[in-house]
Amino acid sequence: MLTVSSEFIAIGCNSTTNGAAWAPNGLVAFGADKFVALYEPLDPDSRGVKETLPGHTARVICVETIEKDDDVEEVVLVSGSADKTAKVWKRQGQQWVNSATLTGFGGAVETIATLSGDKTHTGKDLIATGSADGKIRLWERAVLDEAKDHVECVHTFDCGNKYPMALAMACLPGTFTPVLASGHTDKVINIYVYQQDSKTYEKVYALQGHDNWVRSLAFTTYTGASDLTNKTHTLRTGDLILASASQDKYIRIWKISPGDLASNGGNTSETTDKQSPTAEAAAADVSDLKQALKAISDDDAQLSTKAHRIQVQAGDGQLQAYTIMFEALLMGHDDWVFSVAWERPRKGADGAHQPLRLISASSDKSMMIWRPDAATGVWINEVRMGDIGGNAALGFCGAMFSPDGKYVLSYGANGSFHLWKETDLHRWVPQVTISGHFRSVEQVSWDPQSRYLVSVSLDQTARLYAPWKRGSTSTWHEMGRPQVHGYDLKCLAFTDKWQFVSGADEKVLRLFDAPQACVSSLATLTSNDALLGESSSRPVGANLPALGLSNKAVFDTDIEAMQAADGNHATLQSYAHASATPTSLTETMAQPPFEEHLIQHTLWPEMEKLYGHLYEVMCVDASHDGRVIATACKAANPEHAIVRLFDTQTWKELDDKIAAHALTVTRVRFSHNDQWLLTVSRDRLWSLSRRRDNDIQTTSTHYDLVAKNKAHARIIWDAAWTHDDHLFATGSRDKTIKIWQQPAGHSPSSPEWTAIATLKCTDAITALDFAPHFKDNRYLLAVGLENGQLQLWSAPSDAPMQWEMVCQVDERLCHAGVVRSVAWRSTDGQLQLASGSEDHSVRILNIH
C-alpha cells in the first residue's frame, strides 16, 4: 500500500482586505482561492504553508480568529466566502475540522468580526458577519464537543443598499456589554450596542467624516502609557479606541469614554437611540476645520470636537452614559487605505499593557506604523515600509503585527506575503516568507535532471521552485521568476536542463535560458556545487526595460556599461531606467529571495521567439534529445488544428506539419526514445506520428502521421507515455482512461496500437503522468481529476492490462479545482509528484 505525504504547497493569498489573520499562537490563516491556508511565519525552519483546509466551494474572502485571553493555544478560525457561507474551524487533536457552517446569506460574506465568550455575559463567542445582501448578522457560538459547535443567528441588521465593508467588535469600557462598529459604502460608521434590558442590539450613533468607503475597522482599549508625558492628551485609561481606514486615503481615530460628560473637556450633543437622517447630518462633522477652531477655548489652545453622548441599558432599568469623540486624523498615505490593525496587548506581572501602535496598509505600496508622540501626544508616522517603485501591482491589501509585536506581516494584490522584523528601534528588516500563484496554474514541469520545478499560470508568471538545503534541514521555496509576462501563460516544455520554451495567449512561443546568477544561486541554496561549472558561459542575468516587453540578456560588458550609465544622471530618466541594477544581477543569493527581488532580479533572458500560430498557443512539448519542439494552438477547424514542429538548431519551423485533428489539440507528448509523437484533441481522437528511421543519425528531424483513433466519447484532455515507451494512456472527460499497447508480435515501429485496458474514474480526467521507473516492478500512473482529486493506479510490468487503483490521495492533500497538470520526479530513489491546479496551488507530494 502506498503512503502519501505533503512535501510542499505554494499558493498565493487572496487579494481581499480581510483575507488573513494572525492568531496569538503564531499561526496565520489566510484565504487562498477556495482554501483556508495555514502558515507559521516565525517557524525557525521556514516550512511554508503547513496545510490547506478544503470546504468552501468559492473564493474565501475573509478570515478571522476567535481569541481567548486565558488560552493562547486554543485557536478558532472563522472564514467567509463567495459561496454565501461562513465556516468555523477548530482543532480536533492534530487535525483541523469544520465545526459549524453559517448559512442563510443572500450574498457573499465580505467581512467578519469576533468577540470571545470570556468577554460576554453569556459566555458564548460572538461572530458578526457582513454580506453582499446588505445585512449584518450576529451569531452566538456554543461548543458541543471536540468536533462540533452550535451556532445560532441572534440578530440581523438590514443596511439596505449600504453594504457593510468592515466590522469590529469589543466591549464597552469596564463592562461585558458588546459594541459593534460597521463601515459601509455610504462612508458612515455605525455603532451598535447591546441593550441589557431589551436583550437586543440597537444602533446608537453614526460616525461621519470619511469621504469614501470605509474598508477596515479595529478596536483596542487604552491602558495608559508611561511614555506619554503630555498632560493635555485626551485619552484616559479604559477608553475604547476605534481606528477606521477608508478609500479617502485617511485613517481616523475615535474614542468611546465612560462616565460624566463634563470631565471630557469638549462640547456635548446628546443623541437618542433612533437618529433621523436629518439629525445625523446635523451632527458635528469632525473633518470640518472651522468647527474644530470654534472649540478652542481661551485657556486651552487645543483643537477639539464635540463629544456625542449615548446611553446604554446596563440592566435593572439603569442607564449608563458614554461619549463618542473624534480623536485624530492620520494623513500620510497617497492612495486607498485598505486595512488598519493594532498591536496586541503585552502581558506582564502587573497585567496587560496595550501599546498604542497601529499599522496601516495601502494601495500606494506602503505600510505605516503610527503611534502618539511621547511629548505632544500627536499621532505620527513612526515607520514606513514597502516598495519604492518596482513592478509590484496595486500595493498592499492588509498588514498585521505578530503576537509579540516584533514582526509585521503584509500581503499584496499579487498574492505575495512580506515579513519584516524589528531588529532595532524603528529599524525593520525583511525576512524569508512564502509566495505563490494567484490565478490558475496551467502546467508544472521538472527540468530534465529533476533538480527544480517550473510552473506557469494565468497570473502571467513562470515560477521556479527548488529546495533550500542548510545542514539537515531542507525546505522548498520559490527561487526565481523566469518570466513575468503581459499575457496569460498556458504551457511550457524544457529543451535543455537550463532552457525552456513557454506559450501564452499571444500566438508566440518564447525561449528562455538560465542566467549565471540563477545557476550559481541554485548551486548555493541547494548545496549542489556541481552546478557551478555550468554557469560560466551563460549571460550574467536578464533585464526588462521600463517600456520593454522582452527580457534582454545582460553580459559582463553590459554590466560595465550599466555601472558607467548610473554615474551619468542624464541616463536616469524613468523611461530609460532598467528593472535590475548591476549589483543585483551579479550577486548570488544566500537565502530564498524576497518578492521584490523575485519580480525584478530573477528573470531569465529571452533567447528566441517562435512564430507561426494564428491563435493562442495551447500546448507545447520538446523531444528528449532537445532537437524538436511541437506546439499547437486553439482551433475551430482543421486548418488551424495542425501541430507545428520547430528545429532547435535553427529555431525555424519545419516544413512538415501534422494535420491529424479537426479541433484544438489539447496535449502533445514525445515518447522517451523520441520515435513517437502523440497528440490528443477536442475532437476525441489521438494521433501518432513516427520519426523517420534515418533521422536518428542525421541532423534533420521529420515526423510522419501514421495512426489516428477515435478513442473516447468526450474531449481527451491529456496523454502520457510509460518510461519504457511500451504503453501510453489517454484521459478524457468521459471519465475513463484507456491504456494502449502495440499488439504482440508487432515490431516496435508498427503504427498499430490497441486498447488493452479501460480505467473508470469518478470524474473527468484532466491530467496524467507515468512514474519515471517501476515501483515494486509495477507501472505507476498518477491521475488528476476535474474535481481536484488525485489518484494513483498501478499494474504489473508483465501484465499491463491488470490495472487497479492503489491510492486515493487524502482530500486534504488534494486540490479544490481542476487539476491541470501532474509531473513525477525520482530523486535518491524517492518518488515525488508535482501537481498544478485551477485552485492556484502548486503541490509536491512524497510517494512512499
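Residues numbered from 1 in each chain as written. Predicted model: local features only at pLDDT ≥ 70, side-chain atom pairs only at ≥ 80, totals over all residues. Heavy atoms only, no water.

Asker: Please clarify how the pairing of strand β33 (residues 427-431) should be interpreted in this entry.
Answerer: Sheet faces and side chains relate simply in a regular strand, where the side chains alternate between the two faces. Of the pairings in the sheet, the one linking strand β32 (residues 417-424) to β33 comprises five bridges and is antiparallel in character. From the neighbouring strand, E422 faces β33, where its bridge partner is W428. (Pairing = 2+ DSSP bridges. Helix = DSSP H or I, 4+ residues; strand = E, 2+ residues; numbered from the N terminus.)

Asker: Explain unusual backbone geometry here, please?
Answerer: Across residues other than glycine, the phi torsion is negative in most instances, and most of the peptide bonds are trans. The phi dihedral of S527 falls on the positive side, at around 55°, and the residue is not glycine. Checked against the element boundaries, S527 lands in the loop between α3 (516-525) and β41 (541-543). Its identity is not glycine, yet N777 carries a phi of approximately 60°, on the positive side.

Asker: Which parts of the structure should I look at to understand the pattern of salt bridges?
Answerer: Between side chains of opposite charge, pairing is possible as soon as their charged atoms come close. According to the stated counting rule, one finds 38 salt bridges in the structure shown. In this structure, the salt-bridge partner of R384 is D334, at a minimum N-O distance of 3.9 Å. Residue R384 is found in strand β29 (residues 379-386), and its partner D334 is found in the loop between β23 (318-330) and β24 (337-342); the two are separated by 50 residues along the sequence. Of the charged contacts, one joins E838 and R820 as a salt bridge, the two residues approaching to 2.6 Å between their closest N and O atoms. Linking E838 in the loop between β61 (830-837) and β62 (842-847) with R820 in strand β60 (residues 819-827), this pair joins segments that are 18 residues apart in sequence. Judged by its relative accessible area of 32%, E838 is partly exposed. (Salt bridge = Lys/Arg side-chain N within 4 Å of Asp/Glu carboxyl O. Buried < 20%, exposed > 50% of the residue type's maximum accessible area, 1.4 Å probe, protein only.)

Asker: Can you help me understand the sheet that holds strand β9 (residues 95-102) in this one?
Answerer: Each strand in a sheet pairs with its neighbour through backbone hydrogen bonds, running either in the same direction (parallel) or in the opposite one (antiparallel). Spatially, the four strands line up as an open sheet ordered β6-β7-β8-β9, and their pairing is antiparallel. Strands at the two margins of the open sheet, each flanked by one partner only, are β6 (60-67) and β9. In this sheet, neighbouring strand axes are inclined to one another by 25° on average, regardless of whether the strands run parallel or antiparallel. Of the strand pairs in this sheet, strand β8 (residues 86-92) and β9 are connected by seven bridges, and their pairing is antiparallel. In the sheet register, K87 faces β9, and the bridge partner there is T101. (Axes fitted to C-alpha atoms, helices over the stretch in contact; angles between N-to-C directions.)

Asker: Explain the environment of S99 to me, please; I cannot follow it from the model alone.
Answerer: Turning to its location among the elements, S99 is positioned in strand β9. Separated by 51 residues in the primary sequence, S99 and H150 place their C-alpha atoms 8.3 Å from one another. Ignoring sequence-local partners within four residues, the contact set of S99 consists of V88, W89, K90, A147, K148 and D149. (Contact = heavy atoms within 4.5 Å.)

Asker: It is not clear to me how the packing of aromatic side chains should be interpreted in this structure. Could you clarify?
Answerer: Think of a pair of aromatic rings as described by two things: how far the centres are apart, and how the planes are tilted against each other in angle. Summed over the entire model, instances satisfying the criterion amount to 30 aromatic pairs. With a centroid separation of 5.4 Å and 20° between ring planes, the pair formed by Y452 and W498 is classed as stacked. Taken together, the positions of Y452 in the loop between β34 (441-446) and β35 (453-457) and W498 in the loop between β38 (489-496) and β39 (499-504) put the pair 46 residues apart, joining distant regions of the chain. Residue classification places Y452 among the buried residues on the basis of a relative accessible area of 1%. On the basis of relative accessibility, which here comes to 1%, the residue W498 falls in the buried class. Through pairs of rings, three or more aromatic residues link up here, namely Y452, F494, W498, F500, F512 and W604. Directly above the aromatic system of W468 lies the positively charged group of R470, at a separation of 3.8 Å from the ring centroid. (Phe/Tyr/Trp six-rings, centres within 6.5 Å; stacked < 30°, edge-to-face > 60°. Lys NZ or Arg CZ within 6 Å of the ring centre and 35° of its normal.)

Asker: Just checking my understanding: could you explain the pairing of β23 for this structure?
Answerer: Here strand β20 (residues 251-258) pairs with β23 via eight bridges, running antiparallel. Residue pairing across strands places P258 opposite Y322, the latter belonging to β23.

Asker: Before we go on, may I ask you to explain empty space enclosed by the protein in this structure?
Answerer: Gaps left between atoms are located by rolling a probe of water-molecule size over the structure's atoms. Taken as a whole and judged by the stated rule, the model has six cavities of 30 Å³ or more. Taken as a whole, the largest cavity holds about 190 Å³ of empty space. Forming the walls of the largest cavity are 20 residues, and the residues nearest its centre are T433, I434, S435, H477 and E478. Residue assignment for the lining of the largest cavity shows that the elements contributing at least two residues are β1 (4-10), β37 (473-484) and α6 (595-601). (1 Å grid on protein atoms, 1.4 Å probe; cavity = no way out; pocket = protein on both sides within 12 Å on 5 of 7 lines; lining within 4 Å. Points joined across faces, edges and corners; volume = space filled by probe spheres on them.)

Asker: Is there a simple way to explain the sheet that holds strand β56 (residues 765-770) in this structure?
Answerer: An order of β56-β57-β58-β59 is seen for the four strands of this open sheet, with the pairing classed as antiparallel. Looking at the sheet topology across the chains shown, the edges are occupied by β56 and β59 (804-808). On average, each strand axis in the sheet is inclined to that of its neighbour by 30°, with strand direction left out of account. One ladder, built from seven bridges, connects strand β57 (residues 778-785) with strand β58 (residues 790-796); its direction is antiparallel.

Asker: Can you walk me through the side chain of K90 in this structure?
Answerer: Its place among the elements puts K90 in strand β8. For K90, a relative accessible area of 8% translates into the label buried. Among the polar contacts listed, one links the side chain of K90 to the backbone oxygen of D145, at a separation of 2.6 Å. (Polar contact = N/O pair within 3.5 Å; in protein donor to acceptor, adjacent residues only side chain to side chain.)

Asker: Would you explain the environment of K710 in this entry?
Answerer: One can find K710 in strand β51 (residues 703-710). The exposure class of K710 is exposed, given its relative accessible area of 57%. When the C-alpha atoms of K710 and D683 are compared, they prove to be 8.2 Å apart, with 27 residues separating the residues in sequence. Contacts of K710, omitting those with residues within four sequence positions, involve D683, R684 and L685.

Asker: What is the right way to read a negative patch on the surface from this model?
Answerer: Taken together, the side chains of D70, D71, E73 and E74 define an acidic patch exposed on the protein surface. Relative to the helices and strands, D71 is located in the loop between β6 and β7 (75-81). (Patch = residues over 30% accessible without salt bridge, like charges linked within 9 Å, V, L, I, M, F, W, Y side chains within 5 Å. Areas by Shrake-Rupley, 256 points an atom, 1.4 Å probe, with all protein chains shown as cover. Lys, Arg positive; Asp, Glu negative; His and termini not counted. Charge placed at Lys NZ, Arg CZ, Asp CG, Glu CD.)

Asker: What is the right way to read the side chain of T129 from this model?
Answerer: Positionally, T129 belongs in strand β11 (residues 125-131). Discounting residues that sit within four places of it in the chain, T129 has contacts with L102, F105, V109, T111, I112, K135, I136, R137, W139 and L167.

Asker: I tried to follow the confidence of the model for the protein on my own but got confused; where do I start?
Answerer: For residues with low pLDDT, the predicted coordinates do not support detailed interpretation. Looking at the protein as a whole, the pLDDT averages 85, with 87% of positions reaching at least 70. Low pLDDT (under 50) marks residues 261-304, which in the prediction has 67 contacts with non-local residues, meaning those over four places away or in another chain. Segment residues 569-579: pLDDT under 50, and 15 contacts once partners within four positions in sequence are set aside and those in other chains are kept. (pLDDT = per-residue confidence, 0-100.)

Asker: Before we go on, may I ask you to explain the environment of D655 in this structure?
Answerer: In this structure, D655 sits in strand β47 (residues 652-658). Accessibility expressed as a relative area gives 73% for D655, which makes it exposed. Residues D655 and R644, eleven residues apart in the sequence, show an inter-C-alpha distance of 8.7 Å.

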